[in-house]
Amino acid sequence: MECGIEKKMIAEALGTFFLVFFGTGAAVMTLIIAHSVSPAATIGTLGGFADWLAIGLAFGLAGMVSIYIFGKISGAHMNPAVTLGLWISKNISGKDSVLYIIAQCIGAVLASICLYIILGPQAITIGSLGATVPAAGINYFQAMFVEFIGTFFLVLTVMGVAVDKKAEPAVGGFAIGMAIATAIFLLGGITGGCINPARGFGPYLIDFLLGGVNLWNYFPIYIIGPIVGGLLAGFIYQKIAEGTDVCDLPNLFD
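Keep in mind the model is a prediction, meaning the values are calculated, not measured.

I'd like to hear about the overall build of the protein, residue by residue, with values.
Along the protein, the regular secondary structure elements total 9 helices and 0 strands. Along the protein, from the amino end to the carboxyl end, the secondary structure elements read α-α-α-α-α-α-α-α-α. At 18 Å, the protein has a C-alpha radius of gyration in line with the 18 Å of a compact globule built from 254 residues. Across its three principal directions, the C-alpha atoms of the protein cover 60 × 40 × 30 Å. Burial status across the protein gives 49% buried among its 254 residues. Expressed as a percentage of contacts within the protein between residues at least 6 apart in sequence, the contacts between residues at least 24 apart total 77%.

Printed below as a string of structure tokens:
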């Protein structure tokens, strides 16, 4: 029997919760540990690239496991950009897309609240609950373009390994998790590696409501870049995959 939309929304909220809780939690803990050594330290100050490697893996592994848990219920989008990519390629209705995005944002907000409950005020005063901002020297356009590219890559991966009927279902979660991690390895040091408007929204909202720094002027970067990237990826993949058959392709291993 097909799952009702209510069950799909719960799955989307839970999947996004785990993605944000473990991913942004890793970022916040990295900042708290670095701060205990040097109050001026940021992500990468002490551990260098290894900091972003660990954070990227936290996001990637949390995403991968959540996909294997919830994929059979809702498809485990866990990202409004992914949902919009599937909407433009006609893999989900407009109504369900809106409901999915609402559920994703709720999951991200709840994850940020839980991080504050567990870690206390330092999660805000030191970690800003994992809210993303561009690195020094990165302007608004550069940051938005980087987020666009990272999300474009992620949604293309989703389309190719999970949505395409010719894909092998068993590897979908692993490939998507690795796409998330790979994007954050590079994007982390440039924009914080958001590539997910819900992941951006949860920390921004709760950090602001609980007295954190007002970062909302940066928020359009993490909405416009990912959404445009997701829409374009869904549209392009649909066009290039349309009418192709895996049997038409040469076997590169013969």
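What follows continues from the structure just given.
With reference to specific residues and values, describe the confidence of the model for the protein.
On average, the protein scores 93 in pLDDT, and the residues at 70 or more come to 94%. Residue range residues 249-254 is modelled with pLDDT below 50. Its contacts to residues more than four positions away, or to other chains, number 0 contacts.

Break down unusual backbone geometry for me, with residues and values.
Phi is positive for Ala 76, which is not a glycine, with a value near 50°. Looking at the secondary structure, you find Ala 76 in the loop between α2 (49-74) and α3 (80-88). Notably, Ile 195 is not glycine yet its phi reads approximately 45°, a positive angle. With respect to the element layout, Ile 195 can be found in the loop between α7 (172-191) and α8 (197-209).

Run through the pattern of salt bridges, naming residues and quoting values.
Within this structure, the stated rule accounts for 1 salt bridge. A salt bridge links Asp 164 to Lys 166, with the nearest nitrogen and oxygen atoms 3.4 Å apart. For Asp 164, a relative accessible area of 14% puts it in the buried group. Since its relative accessible area comes to 40%, Lys 166 is described here as partly exposed.

Any chance you could break down the environment of Pro 220 for me, citing the residues and the numbers?
If you trace the backbone, Pro 220 turns up in the loop between α8 and α9 (221-241). Looking at Pro 220, the relative accessible area reads 31%, which means it is partly exposed. As a C-alpha pair, Pro 220 and Thr 182 span 38 residues in sequence and 23 Å in three-dimensional space.

Quick one: what's the story with α3, residue by residue and with numbers?
Along α3, 7 of the 9 residues are buried, which leaves the element largely enclosed by surrounding structure. Regarding α3, the residues found buried are Pro 80, Ala 81, Val 82, Thr 83, Leu 84, Gly 85 and Leu 86. Summarising the contacts, the buried residues of α3 are in contact with α4 (94-119), α6 (140-163), α8 and α9. The backbone nitrogen of Ala 81 lies 2.9 Å from a side-chain oxygen of the residue at the head of α3, namely Asn 79. A positive phi of about 65° marks Lys 90, the residue just after α3.

Lay out the environment of Gly 172 in plain terms, naming residues and giving numbers.
Secondary-structure assignment places Gly 172 in helix α7. Expressed as a C-alpha distance, the spacing of Gly 172 and Gly 160, which sit 12 residues apart in the sequence, is 8.7 Å. Residues contacting Gly 172, with those up to four places away along its chain left out, are Tyr 68 and Val 161.

Talk me through the environment of Phe 219; I want residue IDs and the actual numbers.
Topologically, Phe 219 is positioned in the loop between α8 and α9. Spatially, the C-alpha atom of Phe 219 lies 12 Å from that of Gly 192, the residues being 27 residues apart in sequence. Residues within four places of Phe 219 in sequence aside, it is in contact with Pro 197, Gly 200, Phe 201 and Tyr 204.

Outline the nonpolar core, supporting the account with residue identities and numerical values.
In terms of nonpolar packing, the biggest core is built from 32 residues, with Ile 55, Leu 154 and Ile 176 touching the most fellow members. Counting only elements with at least two residues in this core, the list comes to α1 (5-37), α2, α3, α6, α7 and α9. Apart from the residues within four sequence positions on either side, Ile 176 is in contact with Ile 67, Leu 154, Thr 157, Val 158, Val 161 and Ala 162. Counting 16 residues, the second largest nonpolar core, distinct from the first, contains Val 20, Val 28, Ala 108 and Val 109.

What counts, and where the lines are drawn
Residues numbered from 1 in each chain as written. Predicted model: local features only at pLDDT ≥ 70, side-chain atom pairs only at ≥ 80, totals over all residues. Heavy atoms only, no water. Helix = DSSP H or I, 4+ residues; strand = E, 2+ residues; numbered from the N terminus. Rg over C-alpha atoms; globule rule 2.2 N^0.38 Å. Buried < 20%, exposed > 50% of the residue type's maximum accessible area, 1.4 Å probe, protein only. Contact = heavy atoms within 4.5 Å. pLDDT = per-residue confidence, 0-100. Salt bridge = Lys/Arg side-chain N within 4 Å of Asp/Glu carboxyl O. Polar contact = N/O pair within 3.5 Å; in protein donor to acceptor, adjacent residues only side chain to side chain. Core = buried A, V, L, I, M, F, W, Y, C linked by side-chain atoms within 4.5 Å.

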